[in-house]
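# Reading the structure
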Amino acid sequence: MGEKLKALFKDTRIYFMLLLVIAIVWFFYEMIKYQVLPTKMLIVVVALLLVIAVLLALSQYKAKNNKIRLTGKVFIVLISIILLLVNVFYSRTVDLFSSLQASEDTDIISVVVKVGSSYQYIEDLKGKTYSALENTDDYVNQTIDEIAELNDEDMNIKYYAGVDYIVDALYNEDVDCIIMNEAYRSIIEDSYETFTDDTRVIYSKTFTVAVEDTASDKDVTKDTFSIYISGIDTYGTISTKSRSDVNMIVTVNPTTKQILMTSIPRDYYIPFNVLNGYRDKLTHSGLYGVNETVTNVSNYFDVDIDYYVRVNFTSLVDIVDAIGGIEVDNPTAFGDFAEGTIHLDGEEALAFSRERYAFASGDRERGRNQMRVLTGIINKVTSVSVLSNYVDLLDSLESSFQTSLSEDDMLSLIRMQLNDMASWSIETISVDGTGSSLYSPIYGSNLYMMVPDDNTVATAKEKIMALYE
């Protein structure tokens, strides 16, 4: 018995076949556990691998020719390596879907002083006067409580109606500091371009909380669904709250293979849930998180929004670069962008999406350009050419956006696309309005707003609902 075992272990064929079996079994395990391939395609792949395994086994144990045995060993190694690589990328892809699911929101509360002040630490502000917004949030209140306990004092806080007032109070030395959510910094810099240079942060606290689960129970391969695209105006961490500068309802009918993109101007003057129905410009809703934006738009357009995707400036640049750039149909030349079909890399796609001053219609045309960029991304990622940039795409997606789509929903959509490889019909529309100077409860003063054109809103509703029929 011992001699037979020794002879068996000396037989190198057993090691080659063991390598092949491990690779095939792991492949089967991954494919069955997370089924991305359609059933009919999976059956074909399994059958093909079994046939290959039998042929390679025969090449080792039945063939008398040494060249055939050697060739068989080479193929065993090559196929095993290919399967192992496929397993690694497949596993990484599935893990990516889990990481893309929205899990947290980040709020950063800062205490800001003038850059030339003598204050260095939060203890230096004991007995001093703070300024804060009247419509402050729970995180600011929690930070106030912590500072009060730290400095063992009842803090002197002046509350103001808008961000302009708290900055003016600091600049005029009516207060010694500002306690604010960093989400408001971009708004402040609209009016005070040098605010970041004029001030410094001496105390900061980060709050990271789980986001509310808003997952839908729809079958995304059969039922029409709507996704809200929210593009926040910041770089870096995707969970950071910021203004929602890109606002788009994407309605998908998986049965008819139709996609309708409805662009909404960032300055749209609509009711806010967090403001008890008072109106402000849509972009400001992002300061309270993507769920606030989704709720406001869903109520105003009277459409159920099943999912959302949140991206930031970093996301767009990384994704477009990862897929090797995109092709966009540009109807009008502007800046460095020629008329016609143009190729854009990540930074160019961002610039193309953000420009509005070059157009007479301003933000309206910017919204249309954003839809052109999104169309270019969809066309690229649903094409075979994306495979050559697959690793880069995985890297870029890992921290590029958040979505409330579940892992199962994303896998189902991929499986559906692989099953029929259908082309999609993409239509883009945008709602319109009239510019006016109106009161912003968040700013505490009048700002440029776009008063919705009811006719364009009604048309958008009709087109959206037509995909549900």
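Located above this text is the structure these notes cover.
Anyway, here's the lowdown on the structure attached to this text. (Residues numbered from 1 in each chain as written. Predicted model: local features only at pLDDT ≥ 70, side-chain atom pairs only at ≥ 80, totals over all residues. Heavy atoms only, no water.)

### Quick look at the overall build of the protein
- Secondary structure summary: the protein contains 15 helices and 17 strands in total.
- Oriented by its inertia axes, the alpha-carbon framework of the protein measures out at about 95 × 55 × 45 Å.
- Across the protein, the fraction of contacts at a sequence separation of at least 24, relative to all contacts at a separation of at least 6, is 72%.
- For the protein, the exposed surface amounts to about 22600 Å²; the carbon and sulfur share of it is 55%. (Helix = DSSP H or I, 4+ residues; strand = E, 2+ residues; numbered from the N terminus. Contact = heavy atoms within 4.5 Å. Areas by Shrake-Rupley, 256 points an atom, 1.4 Å probe, with all protein chains shown as cover.)

### Some thoughts on the nonpolar core
- Membership of the largest hydrophobic core comes to 57 residues, with the highest contact counts inside it found for Leu 20, Ile 326, Leu 344, Phe 352 and Ile 377.
- Counting residues per element, this core draws most heavily on helix α4 (residues 66-100), which supplies eight residues.
- The residues contacting Phe 352, other than those within four sequence positions of it, are Val 328, Asn 330, Phe 334, Phe 337, Ile 342, Leu 344, Asn 369, Arg 372 and Val 373.
- Judged by nonpolar contacts, the second largest core, of 48 residues, contains Ile 264, Val 297, Ile 305 and Val 431. (Core = buried A, V, L, I, M, F, W, Y, C linked by side-chain atoms within 4.5 Å. Buried < 20%, exposed > 50% of the residue type's maximum accessible area, 1.4 Å probe, protein only.)

### Here's the deal with the pairing of strand β11 (residues 307-312)
- Of all six residues making up β11, five are buried, and the element is well covered by its neighbours.
- Looking at chain direction, strand β6 (residues 225-232) and β11 are connected through six bridges and run parallel. Bridging from a neighbouring strand, Ser 230 pairs with Arg 310 of β11. (Pairing = 2+ DSSP bridges.)

### Examining the packing of helix α2 (residues 13-33) against α4
- Relative to each other, α2 and α4 sit at 30 degrees, their axes nearing to 9 Å. By the criterion of interaxial angle, the relationship of α2 to α4 is roughly parallel. Like other packed secondary-structure pairs, α2 and α4 cross with a definite hand, here left-handed.
- In terms of residue class, the contact of α2 with α4 is built from 17 nonpolar, three polar and four charged. (Axes fitted to C-alpha atoms, helices over the stretch in contact; angles between N-to-C directions. Parallel < 35°, antiparallel > 145°, perpendicular 65-115°, else oblique. Left-handed = near helix turned anticlockwise from the far one by under 90°. Nonpolar A, V, L, I, M, F, W, Y, C, P; charged D, E, K, R; others polar.)

### Some remarks on the side chain of Glu 365
- Topologically, Glu 365 is positioned in helix α12 (residues 363-381).
- There is a polar contact of 2.9 Å between the side chain of Glu 365 and the side chain of Arg 368.
- There is a polar contact of 2.9 Å between the side chain of Glu 365 and the side chain of Arg 372.
- Every residue in contact with Glu 365, bar those within four places of it in the chain, is listed here: Pro 331, Phe 359 and Arg 372. (Polar contact = N/O pair within 3.5 Å; in protein donor to acceptor, adjacent residues only side chain to side chain.)

### Some thoughts on the packing of aromatic side chains
- Throughout the structure, instances matching the rule amount to nine aromatic pairs.
- Judged by centre distance (5.8 Å) and plane angle (85 degrees), the ring pair of Phe 225 and Tyr 307 falls under edge-to-face. Of the two residues, Phe 225 is situated in strand β6 and Tyr 307 in strand β11; the sequence distance between them amounts to 82 residues.
- Here Tyr 307 falls in the buried class, since its relative accessible area comes to 1%.
- For the ring pair Phe 337 and Phe 352, a centre distance of 5.3 Å and an interplane angle of 90 degrees mean the geometry is edge-to-face. Placement of the pair is Phe 337 in the loop between β12 (326-330) and β13 (340-344) and Phe 352 in helix α11 (residues 346-354), with a sequence separation of 15 residues.
- A relative accessible area of 0% places Phe 352 in the buried class. (Phe/Tyr/Trp six-rings, centres within 6.5 Å; stacked < 30°, edge-to-face > 60°.)

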